[in-house]
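Residue-level listing of the chains:
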Amino acid sequence: MFENKTILITGGAGFIGSNLAFYFQERFPKAKVVVFDKFQDGTRLDSGNLSSLGHFKNLVGFRGDVICGDINDPKDLELLDEYRFDYIFHQAAISDTTVQNQTIVLQTNLNAFKDLLRLAKRHGAKMIYASSGSVYGKLPGPHRVGVEEPINVYGFSKLAMDHLAMSQEDVTAVGLRYFNVYGPREYFKGKTASMILQFGLQILKGERPRLFEGSDRIKRDFIYVDDVIQANIKAAAAKRSGVYNVGTGKARSFQDIVDILCKELGIHPEYEYIPNPFVKQYQFFTQADIDSTREELGFEPQYSLEDGIRADIPYIKKIFEEEL
Ligand SMILES: NC(=O)c1ccc[n+]([C@@H]2O[C@H](COP(=O)([O-])OP(=O)(O)OC[C@H]3O[C@@H](n4cnc5c(N)ncnc54)[C@H](O)[C@@H]3O)[C@@H](O)[C@H]2O)c1
């Protein structure tokens, strides 16, 4: 399906985008893959985290074209004019859910998406883009497409992207609402990397894993990155536009994560429980309803939390050895 096709991955130096880039390189050697990303320039957002989290190390071994550019800058987007894209996998975003600066989040996530939809239209490309489970905010799960209530500007920007995409004519756009994604190539997200990586590194460092109080009751739908890649590939075959949840359909606790990590690593430290400073802004329960993702895209998650963490262990160990 992708052989001899030209594929744009925005945010391709980030966690999910770089996994997509390698997926295409390995499975479809005749596809032309173009990564467009701002990379890191050291500037920080009001959350204290870097404003863009892409990192060259995520792309070491990638042989496709790499373009350093900002999706907010029309001049940078002109660098894409020399290609004719068949598929656009749009992952670039401010992915940090704790940013307060509404202007920068909406410019980057929403306005720039409008420009990329125009580009898709011009190229006759199919648009597969990253939405987010954060559109559901604190609503009780399981979460279904159509009932949303974001509690931060990040979730609001993703919901606005969905509305924009579904109002387009002449472009097929598929929005994928990823839940909590974890897996290889997420280290450079720093504090915004999944708790699976963060707890794993705490345990390897010989520290006591620090959990929020009541962590056995704080549950999320954690999905391994390979399943997110699968969803993107299936979405690329969709005949119609649509918005779909991408999770496992199961809610698991933060306590489960640490228990599984300790078992897999063979290290059994005492846990430390700390008060949750984010209570008001916090999603205590997420669970994707994936019925329509199954039925309409043919998506079927392959990794339970146990399987995903097991698959992730070599990466967590590698980061511990090489980066810390
Ligand atoms: N990881 C998750 O759990 C999760 C959950 C829901 C949704 N998402 C969404 O999935 C997508 C990918 O997320 P990720 O986890 O890989 O995050 P990430 O931060 O690693 O990837 C985003 C990439 O976009 C790039 N970028 C940011 N601003 C840019 C700009 N102005 N111009 C060009 N590039 C820019 C960054 O450098 C980074 O490489 C994002 O849209 C995110 O909102 C992720």
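Here the structure is shown first, and the text comes after it.
Small disclaimer: the values here were computed from a predicted structure and weren't measured.

## Describing helix 6 (residues 225-236)
The periodicity of an α-helix, 3.6 residues per turn, causes residues three or four places apart in sequence to face the same way.
Alright, step 1. The end-to-end C-alpha distance of helix 6, which contains 12 residues, comes to 17 Å, matching closely the 16 Å that a straight helix rising 1.5 Å per residue would cover.
Alright, step 2. With 10 of 12 residues buried, helix 6 lies mostly within the body of the structure.
Alright, step 3. Residues of helix 6 that are buried: Val225, Asp227, Val228, Ile229, Gln230, Ala231, Asn232, Ile233, Ala235 and Ala236.

## Considering the pairing of strand 1 (residues 6-10)
Alright, step 1. Buried residues dominate strand 1, accounting for five of its five residues.
Alright, step 2. Every second residue of strand 1 is oriented toward a common face, with Thr6, Leu8 and Thr10 on one face and Ile7 and Ile9 on the other, all of them buried.
Alright, step 3. Bridge count between strand 1 and strand 2 (residues 32-37): five bridges; the pairing is parallel. From the neighbouring strand, Ile9 faces strand 2, where its bridge partner is Val35.
Alright, step 4. A crossover connection joins strand 1 to the parallel strand 2 through helix 1 (residues 15-27); in handedness this β-α-β unit is right-handed.

## Description of the packing of helix 7 (residues 254-265) against helix 9 (residues 305-323)
How two helices pack is summed up by the angle between their axes together with the distance between the axes.
Alright, step 1. Two elements in contact, helix 7 and helix 9, have axes whose closest approach is 10 Å; the angle formed by their N-to-C orientations is 60 degrees. The angle between helix 7 and helix 9 places the two elements in the oblique class. Read as a crossing pair, helix 7 and helix 9 show a hand that is right-handed. Between helix 7 and helix 9, the contacting residues are Asp256, Ile257, Ile260, Leu261, Glu264 and Leu265 on the first element and Leu305, Glu306, Ile309, Arg310, Ile313, Ile316 and Lys317 on the second.
Alright, step 2. Per-class residue counts for the contact of helix 7 with helix 9 are eight nonpolar, no polar and five charged.

## A word on the sheet that holds strand 1
Alright, step 1. Strand order in the open sheet made by the seven strands is 3-2-1-4-5-6-11, with parallel pairing throughout. Both outer strands of the open sheet, strand 3 (65-68) and strand 11 (242-246), are each paired with one neighbouring strand and no more. Between one strand axis and the next, the sheet turns by 20 degrees as a mean value, whatever way the strands run.
Alright, step 2. Against the sheet, helix 1 touches strand 1, strand 2, strand 4 (87-90) and strand 6 (173-178), its axis set at about 160 degrees to strand 1.
Alright, step 3. Packed on one face of the sheet, helix 4 (residues 153-166) meets strand 4, strand 5 (126-132), strand 6 and strand 11 and runs near 150 degrees to strand 5.

## Some thoughts on the nonpolar core
Alright, step 1. By size, the foremost hydrophobic cluster in this structure holds 45 residues, and its most contacted members are Phe2, Phe24, Phe89 and Leu176.
Alright, step 2. Elements with a contribution of two residues or more to this core: strand 1, helix 1, strand 2, strand 4, strand 5, strand 6, helix 6 and strand 11.
Alright, step 3. Grouped together as the second largest cluster of nonpolar side chains are 28 residues, Leu77, Ala125, Tyr129 and Val243 included.

Rules behind the numbers
- Residues numbered from 1 in each chain as written.
- Predicted model: local features only at pLDDT ≥ 70, side-chain atom pairs only at ≥ 80, totals over all residues.
- Heavy atoms only, no water.
- Helix = DSSP H or I, 4+ residues; strand = E, 2+ residues; numbered from the N terminus.
- Expected span 1.5 Å × (residues − 1).
- Buried < 20%, exposed > 50% of the residue type's maximum accessible area, 1.4 Å probe, protein only.
- Pairing = 2+ DSSP bridges.
- Right-handed = clockwise from strand over helix to strand, strands pointing away.
- Axes fitted to C-alpha atoms, helices over the stretch in contact; angles between N-to-C directions.
- Parallel < 35°, antiparallel > 145°, perpendicular 65-115°, else oblique.
- Left-handed = near helix turned anticlockwise from the far one by under 90°.
- Contact = heavy atoms within 4.5 Å.
- Nonpolar A, V, L, I, M, F, W, Y, C, P; charged D, E, K, R; others polar.
- Core = buried A, V, L, I, M, F, W, Y, C linked by side-chain atoms within 4.5 Å.

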